[in-house]
Amino acid sequence: MGRFVRGALVVVVVLAALAGNAAHRIYYDYQDTQQRRFAMVRDMARLVDDHVHRTVRTADIALDQTAAMVAEAGGPQKVRDLKHWTRLREYAAHIEGADAIWIYDADGRAVLESASFPNRIAGFADPAGLEALRSGMRLHIGAGQPGRTGSQPLVFPVSRPLHDDEGRFVGVASASIRVDTLTDFYNMLGFEFDPLIGVYRPNGEVVARRPATEASVGRSVAGGLLFQSKLREAPEGQYLSPSVLDGVLRIAAYRTMRDYGLVVLTGIDRTEAMAAWRTRTLYTVVETVVGLLAILAALAWGLRYLDRERKAQVALAEARNAVERTSAERDESARLAAALDHARDMAETARRAAEAANRAKGEFLAGLSHELRTPLNAVIGFADLIAREAEGPVGTPVYRQYAANVRDSGQHVLELINEILDHARAEAGALPIEEGRCDLEAAADFAVRMLTPRAERAGVLLSAAVAPAVRHLRGDDRRIRQILLNLIANGVKYTPSGGSVTLSAAVEDGVPVIRVTDTGLGIPPEDVDRVLEPFARVDSAANRGIEGAGLGLPLTKRLVELHGGTLALRSTLGVGTTVTVRLPAARLLPPEPRQAPRAAPAPVPIPAAPAPAPAPAVQPLSVLLVDDDPTVRDMVAGLLRGWGHRVIAAANANEALVILDGPEPLDLMLSDVVMPPGMDGTELARQAARMRPGLPVLLASGFAAHAVGNPAAFGPEVAMIAKPFSIDELRQQLARIAGARGAAVTAPSSVPAAPLVSVPAPAAPRPAGPPRLLIAEDLSINRELLAALFRDSGYGIDLVADGAEAVEAMRAGDYDLVLMDVQMPGMDGLEASRAIRAMPPPRGDVPILALTAGSSEEERRQCREAGMNGHIGKPYDRELLLRQVARTLASDRSRTGVA
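Here's what I pulled together on the structure shown here. (Residues numbered from 1 in each chain as written. Predicted model: local features only at pLDDT ≥ 70, side-chain atom pairs only at ≥ 80, totals over all residues. Heavy atoms only, no water.)

1. As for the pattern of salt bridges
Turning to step 1, where the next piece is worked out: Under the defined criterion, the tally for this structure stands at 35 salt bridges.
Turning to step 2, where the next piece is worked out: The residue Arg255 makes a salt bridge to Asp49 at a minimum N-O spacing of 3.5 Å. Here Asp49 lies in helix H1 (residues 2-73) and Arg255 lies in strand E9 (residues 249-256), a separation of 206 residues in the sequence.
Turning to step 3, where the next piece is worked out: You can call Arg255 buried: its relative accessible area is 17%.
Turning to step 4, where the next piece is worked out: The salt bridge partner of Glu508 is Arg582, with a shortest N-O separation of 4.0 Å. Taken together, the positions of Glu508 in strand E14 (residues 500-508) and Arg582 in strand E17 (residues 576-582) put the pair 74 residues apart, joining distant regions of the chain.
Turning to step 5, where the next piece is worked out: The class for Glu508 is partly exposed, based on a relative accessible area of 25%.
Turning to step 6, where the next piece is worked out: Each of the salt bridges in this network shares a partner with another, and the network as a whole consists of Asp49, Glu236 and Arg255. (Salt bridge = Lys/Arg side-chain N within 4 Å of Asp/Glu carboxyl O. Helix = DSSP H or I, 4+ residues; strand = E, 2+ residues; numbered from the N terminus. Buried < 20%, exposed > 50% of the residue type's maximum accessible area, 1.4 Å probe, protein only.)

2. Structural notes on the sheet that holds strand E25 (residues 817-821)
Turning to step 1, where the next piece is worked out: The strand order E24-E23-E25-E26-E27 describes an open sheet built from five strands, whose pairing is parallel. One side of each edge strand has no neighbouring strand; the edge strands of this open sheet are strand E24 (796-800) and strand E27 (870-873). Each adjacent strand pair in this sheet contributes to an overall mean axis angle of 20 degrees, direction not counted.
Turning to step 2, where the next piece is worked out: With four bridges connecting them, E25 and strand E26 (residues 848-852) associate as parallel partners. Across the sheet, Leu819 pairs through a bridge with Leu849, a residue of E26.
Turning to step 3, where the next piece is worked out: Helix H19 (residues 780-789) contacts strand E23 (772-776), E24 and E26 of the sheet and is inclined by roughly 180 degrees relative to E24. (Pairing = 2+ DSSP bridges. Axes fitted to C-alpha atoms, helices over the stretch in contact; angles between N-to-C directions. Contact = heavy atoms within 4.5 Å.)

3. A closer look at the packing of helix H11 (residues 440-458) against helix H12 (residues 477-493)
Turning to step 1, where the next piece is worked out: With their axes 9 Å apart at the nearest point, H11 and H12 run at an angle of 30 degrees to one another. The orientation of H11 relative to H12 falls into the category roughly parallel. The handedness of the crossing between H11 and H12 is right-handed. From H11, Leu440, Ala442, Ala443, Ala444, Phe446, Ala447, Met450, Leu451, Arg454, Ala455 and Ala458 reach across to H12, where they touch Ile480, Arg481, Leu484, Leu485, Ile488, Ala489 and Val492. (Parallel < 35°, antiparallel > 145°, perpendicular 65-115°, else oblique. Left-handed = near helix turned anticlockwise from the far one by under 90°.)

4. Re unusual backbone geometry
Turning to step 1, where the next piece is worked out: A cis amide bond links Arg210 with the next residue in sequence, Pro211, at an omega value of 0 degrees.
Turning to step 2, where the next piece is worked out: Within the secondary structure layout, Pro211 lies in the loop between strand E7 (206-210) and helix H5 (213-216).
Turning to step 3, where the next piece is worked out: The peptide bond linking Pro841 to Pro842 adopts the cis configuration, its omega dihedral lying at 5 degrees.
Turning to step 4, where the next piece is worked out: When you line up the elements, Pro842 lands in the loop between helix H21 (829-837) and E26.
Turning to step 5, where the next piece is worked out: The phi dihedral of Asp259 is positive, around 75 degrees, even though this residue is not glycine.
Turning to step 6, where the next piece is worked out: Residue position: Asp259 is located in the loop between E9 and strand E10 (263-269).
Turning to step 7, where the next piece is worked out: Even without being a glycine, Asp509 presents a positive backbone phi close to 55 degrees.
Turning to step 8, where the next piece is worked out: Position of Asp509 relative to the elements: it lies in the loop between E14 and strand E15 (511-518).
Turning to step 9, where the next piece is worked out: Exposure remark for Asp509: the relative accessible area of 79% places this residue in the exposed category.

5. As for the sheet that holds strand E1 (residues 98-105)
Turning to step 1, where the next piece is worked out: The antiparallel open sheet is built from five strands, whose spatial order is E2-E1-E5-E4-E3. Edge positions in the sheet fall to strand E2 (110-113) and strand E3 (140-141), since each of these pairs with one other strand and no more.
Turning to step 2, where the next piece is worked out: Taken together, the two bridges between E3 and strand E4 (residues 155-163) define a ladder with antiparallel strand orientation. If you follow His140 over to E4, its bridge partner there is Ser159.
Turning to step 3, where the next piece is worked out: Seen against the sheet, helix H3 (residues 127-134) touches E3, E4 and strand E5 (169-178) and runs at an angle of roughly 130 degrees to E5.

6. Considering the side chain of His563
Turning to step 1, where the next piece is worked out: Residue position: His563 is located in the loop between helix H13 (552-562) and strand E16 (566-572).
Turning to step 2, where the next piece is worked out: Note on His563: relative accessible area 2%, which makes it buried.
Turning to step 3, where the next piece is worked out: Engagement of the side chain of His563 in a polar contact is seen with the backbone nitrogen of Asp476, the distance being 3.2 Å.
Turning to step 4, where the next piece is worked out: There is a polar contact of 3.0 Å between the side chain of His563 and the backbone oxygen of Leu559.
Turning to step 5, where the next piece is worked out: With residues near it in sequence (within four places) discarded, His563 still touches Ile433, Gly475, Asp476, Arg479, Ile480, Leu583, Pro584 and Arg587. (Polar contact = N/O pair within 3.5 Å; in protein donor to acceptor, adjacent residues only side chain to side chain.)

7. Focus: the packing of aromatic side chains
Turning to step 1, where the next piece is worked out: Evaluation of the coordinates by the stated rule reveals nine aromatic pairs.
Turning to step 2, where the next piece is worked out: Here the aromatic rings of Tyr30 and Trp277 are separated by 4.9 Å at their centres, their planes lie at 75 degrees, and the arrangement is edge-to-face. Placement of the pair is Tyr30 in helix H1 and Trp277 in helix H8 (residues 275-329), with a sequence separation of 247 residues.
Turning to step 3, where the next piece is worked out: Relative accessible area serves as the criterion here: at 13%, Trp277 is assigned to the buried category.
Turning to step 4, where the next piece is worked out: The interplanar angle of 10 degrees and the centroid separation of 6.0 Å between the aromatic rings of Trp102 and Tyr104 together place this pair among those described as stacked. The same class applies to Trp102 and to Tyr104, which are both buried. (Phe/Tyr/Trp six-rings, centres within 6.5 Å; stacked < 30°, edge-to-face > 60°.)

8. Quick look at the packing of helix H15 (residues 653-661) against helix H16 (residues 681-691)
Turning to step 1, where the next piece is worked out: Two elements in contact, H15 and H16, have axes whose closest approach is 10 Å; the angle formed by their N-to-C orientations is 10 degrees. Looking at the two axes, H15 sits roughly parallel to H16. Across the interface between the two elements, Ala653, Ala656, Leu657, Leu660 and Asp661 from H15 touch Leu684, Gln687, Ala688 and Met691 from H16.

9. Section: the pairing of strand E21 (residues 697-701)
Turning to step 1, where the next piece is worked out: Within E21, five of the five residues are buried, leaving the element largely enclosed by the surrounding structure.
Turning to step 2, where the next piece is worked out: The alternating pattern of E21 places Val697, Leu699 and Ser701 and Leu698 and Ala700 on opposite faces, both of which are buried.
Turning to step 3, where the next piece is worked out: As paired elements, strand E20 (residues 668-672) and E21 share four bridges and run parallel to each other. Among the inter-strand pairings, Leu670 is bridged to a residue of E21, identified as Leu698.

10. Focus on the nonpolar core
Turning to step 1, where the next piece is worked out: Grouped together as the largest cluster of nonpolar side chains are 41 residues, with contacts concentrated most on Val52, Ile95, Ile101, Ile103, Phe156, Val158 and Leu262.
Turning to step 2, where the next piece is worked out: Contributing elements (two or more residues each) for this core: H1, helix H2 (82-93), E1, E2, E4, E5, strand E6 (196-200) and E7.
Turning to step 3, where the next piece is worked out: Residues in contact with Ile101, not counting those within four places in the same chain, are Ala62, Leu63, Thr66, Leu88, Tyr91, Ala92, Ile95, Leu112, Glu113, Ser114, Ser174 and Ala175. (Core = buried A, V, L, I, M, F, W, Y, C linked by side-chain atoms within 4.5 Å.)

What is shown is where atoms sit, not what they do.
Shown next, in the form of structure tokens:
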């Protein structure tokens, strides 16, 4: 039965992994498709820009030739003859898509046209353009307009002034170019989609546009996003916005034409552009559902098979018992009595062993259930938020964090499964080792590098030293690395912030010895031997918030024994633990030939992430913080505000340019270098130097090529700082900038950065309003999930990280309901609930709901005895969660008589 339960749990994990993988693929396919569509319209805009520029350029040259002809003849009135008309026709033939070239006198009356001789009677159609040319404009490009007759196509004029030898304005030369020359050209290119092609004057008037050419020509789009904001930010770019003329939402790119100031716009319908992505998404969902159904079918078949096998074993056991009873009746009475006494003793022993085995199995299944449900809670919860588009359409930046949470939780489940499978193979004797030459120094360096990020997050210092005499061993290199990884990871897991984990290796009494020492919580003497048994964990308040299934040390011990060695454990409660691995002397190997012996490397400390400390006394600064990563942006903003500085945050270069262009006083701009897509940090620094001369700029980058670069190349006020930030270096840079801008003054006392949880301050009785909930949850990822689930629910929520904070919050504020996690480090949920129930009314009567990944009746009984009113199981279902909260609040109102 145990094998069946474990198999079923593995199937559940695989189902969750399939669902998470499908969500991950759909999200990143969406991002890739949208980026490729933006690249397509950007290339289209470049092609349109070149074509329109070439057309206007040929018209400009032809008009210059016309002006020279008029000047040579002595004025517009002197060219009304067949000779000049023939030359004018030749000039018009060189213009791509030209309808005609017209020559007008100073009052705008037609003198000569290339299309007919003598010319038709007509006047210059754009009075405002005539005045602009009379005032000195070199070249005027007008909006689209109908031709001279109803049967002619739409045209747009390109005009230039005519002057006599003394520079007086004597007339206008104008080329009428057919609008369909621009639109019909792109019909022949065979684009994948039916694109929007638009050419606009600087004031927003339409020169040419497809589709709906005739309905659009002459209209204005000056009120749209392009002319209201995008062109002010950059002369070219891309954006997503509905059209002012037809309301269609398009992926668009724009360019400002060099020399002539026209604006070229291309775009494709977003619905049409993302159709292929929607089809692929449907296929992915169908594939995932089919895979899930196949796994469920296999599980159902396995259940039926196991049920038949169980019934057969029961029948066989009954038959054997019947035979034994028949045989026993034929024995002598004395022998029967002795055998009966012996059987009683054996039965009692077996009963005790069976009870112990059942208890151990129950404890393991309860623990494993909790370990699996906790990450699955995050996988299902965040996947549900993405599926429901709870934070807006897919593509919103917050979904990247949700996808990362799903990925990290799935990785945790995978590590747990790998531990279980390795242990099962070891127990079955199917875990062989591959003998070879091992470099213990390289293995130690690998383990330290792999666990450095985890140690930095925990605030733990790592170091390692391997003596030259023990560097080369004979053994399984992969399993040796696994041993070191397991031991160091175990030390980091149970060592609080500020502690250290040290690995050392040397030859003692002729045998290689490896020691891993930590300054962690320690193990009680009575539990030292038990932690080396599979699935055994020390049950204490300090260990409850630490994840694990109790397989790491037993599996490591088994791997050491496969190498013929021993593993010993020495621990002192509250001081730390030392694990000693001794291998046979025969596993020592001499150094490789022709290699000089290497000195033992000094221990290399891996610094943990420093906690915020009091900042130096510097003048408070107004800091413009620019970073596209919201997590980094919020962290740095909290750190700077904690030091007394004023922070204005921007998510990209465009937002920063708006702030730089405004009246906001600034003392410093702190910007990330790499901010895709668009303008990066170095270009933003150059723009800041132009818009705010003398403003200091601090550029941050995680790339070594940036961090060791030459900041003077970006401007005299620009400095560089490496990411992740060194707190001391950031303080020094701020002190340098503050000192340069004025005499140092005493800054406000340092305030620690805001914690990840919010503990409400003491307040007066809460006024009437929406129900207020207090949520106690030790895992930050679950706090983030609960905050997202309760968003837009109408409830006010406060989040705390353990039971002690929950009790303090209840003493300080008024709440309508408490959601309490059961297993938390320090004061757990049961103890916190008892403390709340001991408070005088009304605080002591507030309903409490347990949040638990456990599902046993024993745990529910403990929750009821602690004073809890009910429980909510993990993983969370948002509808069930909100329904249970609403039901509990309604029940409490009925009890207290509050409407």
